[in-house]
Amino acid sequence: MTQTVPTLQVENLQTQFFTKAGAVTAVNDVSFTVNRGEVLGLVGESGSGKSVTGFSILGLVDQPGRVTGGKILFKGEDLTQYTEKQYKQLRGSRISMVFQDPMMTLNPVLRIDTQMVEAIRAHENVSKAEALQRARDALGQVGIPSPEERLKSYPHQFSGGMRQRVAFAIALLNKPDLIIADEPTTALDVTIQAQILYETQKLCRETGTSLVWITHDLTVVAGLADTVCVMYAGKVVESGKVDDVLDNPKHPYTEGLIGSVPSRNKRGQPLTQIPGMTPSLFNLPKGCSFRERCQYASDACQQAPSISKCEDGRLVRCHRVEEALSHV
Amino acid sequence: MLAFTIRRLSQSVVVLFVMSIIVFAGVYAIGNPVDILINPEADIAEQEETIRRLGLDKPIWTQYGLFLANALQGDLGNSFVHNLPALDIIFQRLPATLELAFLAVGLAVVFGVPLGMLAGLKPDSVVGRVIMTGSILGFSLPTFWVGLMLIMLFSVNMGWLPASGRGETVDLFGIPVSFLTLDGLSHLFLPAFNLALFKMSLVIRLARSGTREVLLQDYIKFARAKGVSDARIIGVHVLKNIMIPVVTVLGLELGSVIAFAVVTETVFAWPGIGKLLIDSISHLDRPVVVAYLLLTVTMFIVINFVVDILYSILDPRVRLGGAN
Ligand SMILES: Nc1ncnc2c1ncn2[C@@H]1O[C@H](COP(=O)(O)OP(=O)(O)OP(=O)(O)O)[C@@H](O)[C@H]1O
Ligand SMILES: [Mg+2]
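Residues numbered from 1 in each chain as written. Chains lettered and ligands numbered in written order. Predicted model: local features only at pLDDT ≥ 70, side-chain atom pairs only at ≥ 80, totals over all residues. Heavy atoms only, no water.

As annotated in an unreviewed UniProt entry, chain B is ABC transporter permease from Sneathiella chinensis. Quoted verbatim from the Subcellular location (unreviewed entry) field of UniProt, the annotation for chain B is "Cell membrane". Turning to chain B, the UniProt annotation filed under Sequence similarities (unreviewed entry) states: "Belongs to the binding-protein-dependent transport system permease family." (UniProt positions renumbered as here; feature names shortened; annotations may be inferred.)

An unreviewed UniProt entry lists chain A under the name ABC transporter ATP-binding protein, from Sneathiella chinensis. Per its UniProt entry, chain A bears the Subcellular location (unreviewed entry) comment "Cell inner membrane". What UniProt states about chain A under its Sequence similarities (unreviewed entry) heading is, verbatim, "Belongs to the ABC transporter superfamily."

Spelled out as structure tokens, the structure:
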């Protein structure tokens, strides 16, 4: 077999915010790979840097932040070297994004057709009629009934679930190679979430589109993703194949996350929870950031652990794993 | 839409009725026109004859009743001074004021919106700060003083623009207008700018705060994630959103622009209804003052109605008629 270039390869990505109170490293040494047609689940607690990772890939980090290190290889090309002009051509065309809150992502004063047509015509010189035809098809593709009429509607005339479908339709318009979906179903109820998950998965299979699905919900990852990347305080603490990681977590944080999912516990048993709170990025504990909440913490954890690679190809950032491996 | 119009109309009738009582009583309190109108050397019989002719001998209730009965037939009385129907005199002067007011509002939008957006896009830049300082000045300097300074600078010192009058007019649909002749435009510019300054400052502030707020919205980031150009994001996505407050506020302020024209028209001797009002007050010409005030109230009502309709066009979330 010939070696194909992965769709996205993030290497040691670092993104910092230079606030008045000092520099904050929101994304710290993050690496992962997404192959063609694959789904990567990016999980972690609120504030762990998932969204910032997504925006870093698209070159849309808000002021006062910017990417300060690492590489973002998209089909072999390093996006960190891209100019704003090159990025403009890439966004919405090769890489598109869906946001968390469907109520806020569509401009309230512009009709759906306007917002869809502009997304096509920003990248291709096609007639309005042709763009409209493509918009109509995309709406049909994501399961919006009578797309012809819906094109003429304003966002407020749609429900939340419908708006998120519209957002997905917009993301699909230019047949991108990669879609970054930032908690797109968090604001929706469970049945609609399941529908959207199912349809997205199907679309990606059919078109070979890769997907980075950001979420804090492990059950979503279990059903959708091929690989998973667990983030904590800006760092990846564990990454690997979804079945390996979920069935046999190696990092104590992943273990804690899985323990706190209701369906995985026996009935009647209390849910386990991770003690303590997510540390503020301004004063992370020295050494391992998870140390103060970890039941296995030892003296070794005063030193920041490096990444170790297990035999199943999994990457874990923990001294215990490192030790266990060195004893083999 | 129909229900909305009917409800608005009936509310307006009530407002006009209440206003007519207040205005009538107010004007009555200003002073007795007899003192000014009648030649003090005329004999008693002649004086009484005039008072009777003007209807000033009757008690105020009767006077008001007569006024109301005539007003319902579209007759607001004759001017004591010119002995012509008060409404005719006002309508004759109205085009000059409307021309001035619309140009002022136009200037306020054409300059205010881009300047405000610029200040909103670059709040910390030198340009942004200069614009905001300018708008503070526009807010706080008194209109008459700015008017006098404009005359000093552009008319007296530089001699570029004339300081008073309407200049050459041409008829447009039978109404004399200045803005179609070069001479008229040169007369129009200074007073219009003077009148526009306050509103321009208002528009700058609205546009700036609107822009800053809209830029933070997810839908702007989403538009950028779609690869839409900056020009389109600013010119369509941001502009369309900030025009909602700008149009609302300016529409509501159009009435006050016409009212404020009193000062500007006096400074620039612009022959509009503002100047007419001042002249009529000093002559105690009651019918003209009453007619002016009632007309202004009507104008406010019409403007509000139009603004509501415009608003519903600009903002698709607003539907006229309230809850349904
Ligand atoms: N505009 C900003 N200015 C300063 N710091 C920021 C900014 N945006 C994000 N950060 C920092 O980056 C950290 C990570 O934020 P991020 O939005 O990526 O979290 P997240 O994992 O997506 O969380 P959530 O699940 O709540 O969406 C935040 O805790 C914050 O400290
Ligand atoms: Mg987030």
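How should the overall build of chain B be read in this particular structure?
On a plain count of helices and strands, chain B comes out with twelve helices and two strands. Once the C-alpha set of chain B is aligned to its principal axes, its extents read approximately 85 × 60 × 35 Å. Burial analysis of chain B (324 residues in total) assigns 41% to the buried set. Of the contacts formed within chain B by residues at least 6 apart in sequence, a portion of 73% connects residues at least 24 apart. Roughly 16,600 Å² of accessible area belongs to chain B as shown, and the carbon and sulfur atoms make up 69% of that amount. (Helix = DSSP H or I, 4+ residues; strand = E, 2+ residues; numbered from the N terminus. Buried < 20%, exposed > 50% of the residue type's maximum accessible area, 1.4 Å probe, protein only. Contact = heavy atoms within 4.5 Å. Areas by Shrake-Rupley, 256 points an atom, 1.4 Å probe, with all protein chains shown as cover.)

I keep staring at the pattern of salt bridges and nothing clicks. Help me out?
Opposite charge on two side chains permits them to pair, given that their charged atoms come into close proximity. Residue and element names in this part refer to chain A. This model, assessed by the stated rule, comprises 19 salt bridges over all chains. Residues Arg91 and Glu84 are paired through a salt bridge, measuring 3.3 Å at the closest nitrogen-oxygen approach. For Arg91, a relative accessible area of 1% corresponds to the buried category. Look at Glu84 and you get partly exposed, because its relative accessible area is 39%. (Salt bridge = Lys/Arg side-chain N within 4 Å of Asp/Glu carboxyl O.)

I keep staring at the interface of chain B and chain A and nothing clicks. Help me out?
Many structure descriptions define interface size as the accessible area lost when the parts assemble. At the interface, 21 residues of chain B touch 27 residues of chain A. For the pair chain B and chain A, the summed buried surface comes to about 2,300 Å²; carbon and sulfur atoms form 61% of the total. Its largest share of buried area at the contact with chain A, chain B owes to Lys221, Phe222 and Lys226 of chain B, together 31% of the area lost on that side. Between Lys221 of chain B and Asp62 of chain A there is a salt bridge, with its nearest N and O atoms 3.1 Å apart. Summed over the shared surface of chain B and chain A, the number is eleven residue pairs in polar contact (both at pLDDT 80 or more). If you tally residues by element for the side of chain B that touches chain A, the top one is helix α10 (residues 230–267) of chain B, at seven residues. Its residues assigned to classes, the side of chain B that touches chain A comprises eight nonpolar, five polar and eight charged. (Buried area = accessible area lost by both parts, 1.4 Å probe. Polar contact = N/O pair within 3.5 Å; in protein donor to acceptor, adjacent residues only side chain to side chain. Nonpolar A, V, L, I, M, F, W, Y, C, P; charged D, E, K, R; others polar.)

Honestly, the domain arrangement of chain B in this entry has me stumped. Any pointers?
All names here are of chain B. Split into domains, chain B comes out as domain 1 (1–81 + 288–324) and domain 2 (87–282). The straight-line distance from the C-alpha centre of domain 1 to that of domain 2 is 28 Å. Tallying the contact residues gives 18 residues for domain 1 and 23 residues for domain 2. For the pair domain 1 and domain 2, the two sides together bury roughly 1,900 Å², of which 84% comes from carbon and sulfur. At the boundary of domain 1 with domain 2, the tally comes to zero salt bridges. At the boundary of domain 1 and domain 2, one finds zero residue pairs in polar contact (both at pLDDT 80 or more). No other element matches the 13 residues that helix α12 (residues 286–314) contributes to the side of domain 1 that touches domain 2. (Domains from an automatic or database assignment.)

Looking at this structure, how should I read the UniProt feature "transmembrane region" (unreviewed entry) in chain B?
UniProt's entry tags residues 12–31, 100–118, 130–153, 173–198, 242–270 and 290–314 of chain B with the feature "transmembrane region" (unreviewed entry), counted in the numbering of this structure. Along residues 290–314 of chain B the backbone is 100% helical and 0% strand, and the end-to-end C-alpha distance reaches 36 Å.

Help me understand the pairing of strand β8 (residues 210–215) of chain A in this model?
Residue and element names in this part refer to chain A. In terms of burial, β8 is a largely internal element, six of the six residues being buried. The two faces of β8 match: Ser210, Val212 and Ile214 on one face and Leu211, Trp213 and Thr215 on the other face are all buried. Bridge analysis of strand β3 (residues 39–43) against β8 gives five bridges, and the strand direction is parallel. Within β8, the position partnered with Val39 by the bridge is Leu211. For strand β7 (residues 178–182) and β8, the ladder comprises five bridges, and the chain directions are parallel. Opposite Asp182, over in β8, you have Ile214 as the bridge partner. With helix α8 (residues 190–207) bridging β7 and the parallel β8, this β-α-β connection has right-handed handedness. (Pairing = 2+ DSSP bridges. Right-handed = clockwise from strand over helix to strand, strands pointing away.)

What's the story with the site of ligand 1 in this structure? I'm lost.
Residue and element names in this part refer to chain A. The environment of ligand 1 is formed by 14 residues, the closest being Ser46, Gly47, Ser51, Val52 and Glu183. Here Lys50 contributes a side-chain N or O atom positioned 2.9 Å from an oxygen atom of ligand 1. Here an oxygen atom of ligand 1 sits 2.9 Å away from a polar atom, N or O, in the side chain of Glu183. Bound to the protein, ligand 1 loses 68% of the 630 Å² it would expose on its own. At the level of secondary structure, the elements contributing two or more residues to the shell around ligand 1 comprise β1 (8–19) and α1 (50–58). (Near = heavy atom within 4 Å.)

What's the story with the sheet that holds strand β12 (residues 315–316) of chain A in this structure? I'm lost.
Hydrogen bonds along the backbone pair up the strands of a sheet, which may run parallel or antiparallel. All names here are of chain A. Reading across from one edge, β6-β7-β8-β3-β9-β10-β12-β11 is the order of the eight strands in this open sheet, with mixed pairing throughout. Unpaired on one side and paired on the other, β6 (95–98) and β11 (308–309) mark the two borders of the sheet. Across four bridges, β6 lies against β7 in parallel orientation. Among the inter-strand pairings, Ile95 is bridged to a residue of β7, identified as Leu178. Sheet contacts for helix α7 (residues 160–172): β6, β7 and β8; angle to β6, the most-contacted strand, approximately 175°. (Axes fitted to C-alpha atoms, helices over the stretch in contact; angles between N-to-C directions.)

Please explain the confidence of the model for chain B as it appears in this structure.
Interpreting fine coordinate detail is not advised for predicted regions of low pLDDT. All names here are of chain B. On average, residues of chain B carry a pLDDT of 85, and 97% of them reach 70 or more. When pLDDT is averaged over each element of chain B, helix α9 (residues 218–225) comes out on top at 95 and helix α2 (residues 33–37) at the bottom at 70. Across the predicted assembly, pTM comes out at 0.82 and ipTM at 0.89. (pLDDT = per-residue confidence, 0-100.)

Mind showing me how you'd approach the state of the cysteines here?
Note on terminology: disulfide describes a covalent bond linking the sulfur atoms of two cysteines. Residue and element names in this part refer to chain A. This structure, assessed with the given rule, holds zero disulfides over all chains. We note that Cys288 lacks a disulfide partner, and the nearest cysteine sulfur, in Cys301, lies 5.8 Å from it. Judged by relative accessible area, which is 14%, Cys288 ranks as buried. (Disulfide = S-S within 2.5 Å.)

I keep staring at the UniProt feature "domain: ABC transporter" (unreviewed entry) in chain A and nothing clicks. Help me out?
Per the UniProt record, "domain: ABC transporter" (unreviewed entry) is found at residues 8–258 of chain A. As annotated, residues 8–258 of chain A has a helix share of 39% and a strand share of 28%, and its two end C-alpha atoms lie 27 Å apart.

How should the packing of aromatic side chains be read in this particular structure?
The description of two aromatic rings rests on the distance between their centres and on the angle between their planes. With the rule as written, the count across this model stands at 13 aromatic pairs over all chains. Judged by centre distance (5.4 Å) and plane angle (70°), the rings of Phe24 of chain B and Tyr64 of chain B are edge-to-face. Of this pair, Phe24 of chain B sits in helix α1 (residues 2–30) while Tyr64 of chain B is found in helix α4 (residues 60–72), placing the two residues 40 residues apart along the sequence. Residue classification places Tyr64 of chain B among the buried positions, given a relative accessible area of 12%. Relative to Phe193 of chain B, the ring of Phe189 of chain B has its centre 6.1 Å away and its plane inclined at 20°; by these criteria the two rings are stacked. A residue pair is termed a helical-turn pair when its members lie 3 or 4 positions apart in one helix, as Phe189 of chain B and Phe193 of chain B do in helix α8 (residues 182–215) at four residues. Through pairs of rings, three or more aromatic residues link up here, namely Phe55 and Phe99 of chain A together with Phe222 of chain B. The lysine or arginine in question, Arg150 of chain A, covers the ring of Phe158 of chain A, its NZ or CZ lying 4.2 Å from the ring centre. A cation over a ring is seen here: Lys221 of chain B above Phe55 of chain A, with NZ or CZ 3.3 Å from the ring centre. (Phe/Tyr/Trp six-rings, centres within 6.5 Å; stacked < 30°, edge-to-face > 60°. Lys NZ or Arg CZ within 6 Å of the ring centre and 35° of its normal.)

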